[in-house]
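Now for the letters of each chain:
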Amino acid sequence: AALDFVDAGFAQSRLDRPEPRVALGCALRGVASACIDVSDGLLADLGHIGERSRVGARLQWRDLPLSPALRRQPLPLQQRCALAGGDDYELLFAAPPSRRRRVQQAAASAQVPVARIGEITAEPGIVVLDEHGRRLEGDYAGFDHFR
């Protein structure tokens, strides 16, 4: 699907002029137990956290924040872009449930919205669940520097 002029302009400006979340990263020190920027794709970068921490994750597709421009696209394209697309430079982080209020305070102080999109699991691997609780299937490989 092709983006209309306005949506294409929005996407191009996000690519050309990303807004690194430095203030949020600083505010999350001592709050988040893991943090990475989404440059290689959400699932690829979450995989880096899981690999280093020896954990897995379960994500809820419905909870992923998507731009209005992306929401106007067909669902398969939304999923491919949101799960495997990179160069967002948004922060992906994990924090214990007991620190939820501190996460909200960090987000407010940095003036950056945050969304809880899933949970860390003891079992390795990443599972994405659709709105009916079924596992989303597909190849959502992000950027691999060594491929």
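Everything below is about the structure printed above this text.
Residues numbered from 1 in each chain as written. Predicted model: local features only at pLDDT ≥ 70, side-chain atom pairs only at ≥ 80, totals over all residues. Heavy atoms only, no water.

Regarding the nonpolar core
One finds Leu42, Leu59, Trp61, Leu64, Leu83, Leu92 and Val128 to be the most contacted residues of the largest nonpolar core, which totals 22 residues. For this core, the elements supplying multiple residues, two or more each, are strand 1 (34-37), helix 3 (42-53), strand 2 (56-60), helix 5 (75-84) and strand 3 (91-94). Looking at this core, the element that brings in the most residues is helix 3, giving four residues. The contacts of Leu92, once residues within four sequence positions are left out, are Ala34, Cys35, Ile36, Val38, Leu42, Asp45, Leu46, Ile49 and Ile117. (Core = buried A, V, L, I, M, F, W, Y, C linked by side-chain atoms within 4.5 Å. Buried < 20%, exposed > 50% of the residue type's maximum accessible area, 1.4 Å probe, protein only. Helix = DSSP H or I, 4+ residues; strand = E, 2+ residues; numbered from the N terminus. Contact = heavy atoms within 4.5 Å.)

Section: the pairing of strand 1
Residues Ala34 and Ile36 line the buried face of strand 1, whereas the alternating positions Cys35 and Asp37 sit on a face that is not buried. Two strands pair when backbone bridges link them, and strand 1 and strand 3 are joined in this way by four bridges, in the antiparallel orientation. Residue pairing for strand 3: Ala34 is matched across the bridge by Ala94. (Pairing = 2+ DSSP bridges.)

Examining the sheet that holds strand 5 (residues 125-129)
As summarised here, the arrangement of the three strands in space is 4-2-5, forming an open sheet in which the pairing is mixed. Of all the strands in the sheet, the pair left with one neighbour each is strand 4 (118-121) and strand 5. Strand-to-strand twist of the sheet, defined as the mean angle between neighbouring strand axes without regard to direction, takes the value 15 degrees. When strand 2 meets strand 4, the two strands line up antiparallel, connected through four bridges. Its bridge partner lying in strand 4, Leu59 is registered against Gly118. (Axes fitted to C-alpha atoms, helices over the stretch in contact; angles between N-to-C directions.)

Points about the side chain of Thr121
Of note, Thr121 is situated in strand 4. The buried category is assigned to Thr121, whose relative accessible area is 14%. Of note is the side chain of Thr121, whose polar atom sits 3.3 Å from the backbone nitrogen of Ala57. In this view, Thr121 contacts Val55, Gly56, Ala57 and Arg58; residues no more than four positions away in its chain are not counted. (Polar contact = N/O pair within 3.5 Å; in protein donor to acceptor, adjacent residues only side chain to side chain.)

Topic: the pattern of salt bridges
Evaluated as defined, the whole model comprises six salt bridges. A salt bridge links Asp130 to Arg134; the shortest N-O distance between them is 3.6 Å. Through salt bridges that share partners, Glu19, Arg21 and Glu90 make up one connected network. (Salt bridge = Lys/Arg side-chain N within 4 Å of Asp/Glu carboxyl O.)

Topic: unusual backbone geometry
Of note in this structure, Arg54 is not a glycine but carries a positive phi near 60 degrees. Looking at the element boundaries, Arg54 is found in the loop between helix 3 and strand 2. Owing to a relative accessible area of 72%, Arg54 belongs among the exposed residues under this scheme. Located in the positive-phi region is Gln111, a residue other than glycine, with phi close to 55 degrees. Looking at the element boundaries, Gln111 is found in the loop between helix 6 (100-110) and strand 4.

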